[in-house]
Amino acid sequence: MKKIRYAVVGLGHIAQVAVLPAFGHATKNSVLAGLVSDDSNKLKQLGRKYGVRNLADYDGYDALCESGEIDAVYLAVPNHLHRQYTERAARAGVHVLCEKPMAVTVKDAEAMIAACRKAKVKLMIAYRLHFEEANLEAVRMINSGKIGEPRFFSSDFGLDVRKGDIRVRKETGGGSLWDLGIYCLNAARYLFKDEPVEVSAMSASREGDERFSKVEEMVAATLRFPGERLAHFVCSFGSADIASLRVVGTKGDLRLEPAYEYAMPLEHQLTVGEKKTSKKFPKRDQFAPELLHFSGCIQNDREPGPSGEEGLLDVRIIEALYRSAGSGKRVRLSLPEPSHRPTLRQEIRRPPVRKPPKPIGTKPPSRSG
């Protein structure tokens, strides 16, 4: 079948160090065919590096979508722009692979789904861990009864964000809950294989820290799931680097640390009774599997695994968590069951990017990066 031709829209840090190199591991059905940025230096240098001739600024985005030179876009623009760039692509008949969070309001997420449905194009949200072995093996182990009946989930995800980073700009959809908390929330949902019925949250920021004058430094969230199960997580933009999760059952517990990272190996630590075992999962390219899966769905007219429906559920829950943090009250939820949950069957392995390229005109989000 014809390979799916992508334009990567937005050439920030994650696009340069992870998305663009991933095309080298997705050659089976995907090809990088376009770049979109308002930074002419990035366009020139990255176009030359990857042999891409279709280069456009944001004003030229519509023309590129309508040119017949691309079949899909990978949206790596700021969160608040996801809706408009999805709708513009859909109008041109171009499929959309959008970074998470899908949007920063339920209204925008619903509009994205409606636009793609009307145009009969595919919409996928870039939940890379839905294809990653360590997280999917955790799903299998928990559902197998290895730790007994899963009772509670806990997770910590934090980093020390750089001053001025886009993640601390309210107008672009920044904040630790949108940027980091979504990983913890999504993991609780796929590990419990269920949706929360009630949530509560509290936010906090250090006094006098200019980084957090517009958005929260950290959020602590608690979610009640059916069967009287609880999930709790803390996400922070002002901490040492940490990315861990733990599920505790009636017979044992499973811990992943690190859990959500893409630039290092991941590890399981399983405890059942007095027996403790550990397993390391080597570093792999977590972005190429997204491309391979989405391209296959386009070629074979299948619904993507992490669809717009999945992204919308997380946006609904995050909105509820912000309402709780603002009001000091718990928020009840009634959410539909998604049509798809990640399983080990959709794992896709690709070797790691051996030497990530030095990014042009952008810095990593963490001050330790």
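We now turn to the structure provided with this report.

Thresholds, definitions, all that
- Residues numbered from 1 in each chain as written.
- Predicted model: local features only at pLDDT ≥ 70, side-chain atom pairs only at ≥ 80, totals over all residues.
- Heavy atoms only, no water.
- Core = buried A, V, L, I, M, F, W, Y, C linked by side-chain atoms within 4.5 Å.
- Buried < 20%, exposed > 50% of the residue type's maximum accessible area, 1.4 Å probe, protein only.
- Helix = DSSP H or I, 4+ residues; strand = E, 2+ residues; numbered from the N terminus.
- Contact = heavy atoms within 4.5 Å.
- Phe/Tyr/Trp six-rings, centres within 6.5 Å; stacked < 30°, edge-to-face > 60°.
- Lys NZ or Arg CZ within 6 Å of the ring centre and 35° of its normal.
- Salt bridge = Lys/Arg side-chain N within 4 Å of Asp/Glu carboxyl O.
- Pairing = 2+ DSSP bridges.
- Axes fitted to C-alpha atoms, helices over the stretch in contact; angles between N-to-C directions.
- Expected span 1.5 Å × (residues − 1).
- Polar contact = N/O pair within 3.5 Å; in protein donor to acceptor, adjacent residues only side chain to side chain.
- Parallel < 35°, antiparallel > 145°, perpendicular 65-115°, else oblique.
- Left-handed = near helix turned anticlockwise from the far one by under 90°.
- Nonpolar A, V, L, I, M, F, W, Y, C, P; charged D, E, K, R; others polar.

**Focus on the nonpolar core**
So, point 1. Within the largest apolar cluster, 85 residues are counted, with the highest numbers of intra-cluster contacts made by Val 73, Phe 153, Leu 191 and Tyr 260.
So, point 2. The element best represented in this core is helix α7 (residues 176-192), accounting for 12 residues.
So, point 3. Apart from residues no more than four positions distant in its own chain, Val 73 is found in contact with Tyr 6, Ala 7, Val 9, Tyr 61, Cys 65, Ala 89, Val 94, His 95, Val 96 and Leu 97.
So, point 4. One finds Val 19, Met 124, Phe 131 and Phe 287 within the second-largest nonpolar core, a separate group that totals 31 residues.

**Brief notes about the packing of aromatic side chains**
So, point 1. Taken as a whole and assessed by the stated rule, the structure comprises nine aromatic pairs.
So, point 2. Aromatic side chains Phe 157 and Tyr 183 sit 5.5 Å apart centroid to centroid with 85 degrees between the ring planes, which places their arrangement in the edge-to-face category. A residue pair is termed long-range when its members are at least 10 positions apart, and Phe 157 in strand β7 (residues 150-160) and Tyr 183 in helix α7 qualify at 26 residues.
So, point 3. Overall, the relative accessible area of 7% leaves Phe 157 in the buried class.
So, point 4. An aromatic cluster is built from Tyr 58, Tyr 61 and Tyr 85, whose rings are joined through pairwise contacts.
So, point 5. When the ring centre of Tyr 85 is taken as origin, the NZ or CZ atom of Arg 88, which lies over that ring, is 4.7 Å away.
So, point 6. The ring of Phe 192 is capped by Arg 229, whose NZ or CZ atom sits 4.9 Å from the centre of that ring.

**Quick look at the pattern of salt bridges**
So, point 1. Inspection of the entire model under this criterion finds 32 salt bridges.
So, point 2. A salt bridge links Glu 149 to Arg 151; the shortest N-O distance between them is 3.3 Å.
So, point 3. A relative accessible area of 45% means that Glu 149 is categorised as partly exposed.
So, point 4. Look at Arg 151 and you get partly exposed, because its relative accessible area is 27%.
So, point 5. Taking the shortest distance from any N to any O, the salt bridge between Arg 189 and Asp 314 comes out at 2.9 Å.

**Here's the deal with the sheet that holds strand β2 (residues 30-36)**
So, point 1. Within the open sheet, the six strands sit side by side as β3-β2-β1-β4-β5-β6. Their pairing is parallel. Edge positions in the open sheet fall to β3 (54-56) and β6 (123-125), since each of these has one partner strand only. Taking each pair of neighbouring strands and ignoring which way they run, the sheet shows an average axis angle of 25 degrees.
So, point 2. Its contacts with the sheet put helix α1 (residues 13-22) on β1 (4-9), β2 and β4 (72-75), and the angle it makes with β1 is roughly 175 degrees.

**A short note on the sheet that holds strand β10 (residues 229-236)**
Across a sheet, paired strands are connected by hydrogen bonds in the backbone, their directions being either parallel or antiparallel.
So, point 1. Pairing in this open sheet of nine strands is mixed, and the strands run β14-β13-β12-β11-β7-β10-β9-β8-β15 from one edge to the other. Looking at the sheet topology across the chains shown, the edges are occupied by β14 (275-281) and β15 (331-332).
So, point 2. Pairing analysis gives seven bridges linking β7 to β10, with the strands arranged parallel. Each residue of the ladder has a partner; that of Phe 153, found in β10, is Ala 231.
So, point 3. Sitting on the sheet, helix α6 (residues 133-143) touches β7, β11 (238-249), β12 (252-256), β13 (266-272) and β14, and the angle it makes with β13 is about 20 degrees.

**Remarks on α1**
So, point 1. Of all 10 residues that make up α1, nine are buried, and the element is covered over most of its length.
So, point 2. For α1, the complete set of buried residues consists of His 13, Ala 15, Gln 16, Val 17, Ala 18, Val 19, Leu 20, Pro 21 and Ala 22.
So, point 3. Considering only its buried residues, α1 is in contact with β1, β2, α2 (40-50), β4 and α8 (288-300).

**Describing unusual backbone geometry**
So, point 1. Omega for the bond connecting Lys 100 with Pro 101 falls within 30 degrees of zero, at -5 degrees, which places this linkage in the cis form.
So, point 2. Its location among the elements puts Pro 101 in the loop between β5 (95-98) and α5 (106-119).
So, point 3. In the segment running from Glu 257 into Pro 258, the intervening peptide bond is cis, with an omega of -5 degrees.
So, point 4. Position of Pro 258 relative to the elements: it lies in the loop between β12 and β13.
So, point 5. Phi at Lys 120 is positive, roughly 60 degrees, even though this residue is not glycine.
So, point 6. Locating Lys 120 in the fold gives a position in the loop between α5 and β6.
So, point 7. Residues other than glycine seldom take positive phi values, yet Glu 228 does so here, at roughly 55 degrees.
So, point 8. Note on placement: Glu 228 falls in the loop between β9 (218-225) and β10.

**Let's talk about helix α9 (residues 308-327)**
So, point 1. Look at α9: 29 Å from first C-alpha to last across 20 residues, which is about the 28 Å you get at 1.5 Å a residue.
So, point 2. Turning to α9, its buried residues number three or more, namely Gly 308, Glu 310, Gly 311, Leu 312, Leu 313, Asp 314, Val 315, Ile 317, Ile 318, Ala 320, Leu 321 and Ser 324.
So, point 3. Positive backbone phi, at 75 degrees, marks Gly 328, one or two positions downstream of α9.

**Considerations on the side chain of Asp 253**
So, point 1. Within the secondary structure, Asp 253 is located in strand β12.
So, point 2. Separated by 3.2 Å, the side chains of Asp 253 and Arg 246 make a polar contact.
So, point 3. With residues near it in sequence (within four places) discarded, Asp 253 still touches Ile 147, Arg 246, Val 247, Val 248, Gln 269, Leu 270 and Thr 271.

**Notes on the environment of Glu 228**
So, point 1. Between the alpha carbons of Glu 228 and Lys 358 there is a distance of 48 Å; along the sequence they are 130 residues apart.
So, point 2. Within the structure, the side chain of Glu 228 is placed 2.7 Å from the side chain of Arg 224, a separation counted as a polar contact.

**Topic: the packing of α7 against α9**
So, point 1. Direction vectors running N to C along α7 and α9 enclose 115 degrees, while the axes themselves pass 10 Å from each other. The angle between α7 and α9 places the two elements in the roughly perpendicular class. Here α7 and α9 pass one another in a crossing that is right-handed. Only Glu 310, Leu 313, Asp 314, Val 315, Ile 317, Ile 318, Leu 321 and Tyr 322 of α9 make contact with α7, whose side of the interface consists of Leu 177, Trp 178, Ile 182, Leu 185, Asn 186 and Arg 189.
So, point 2. A class-by-class count of the residues in the contact of α7 with α9 yields 10 nonpolar, one polar and three charged.

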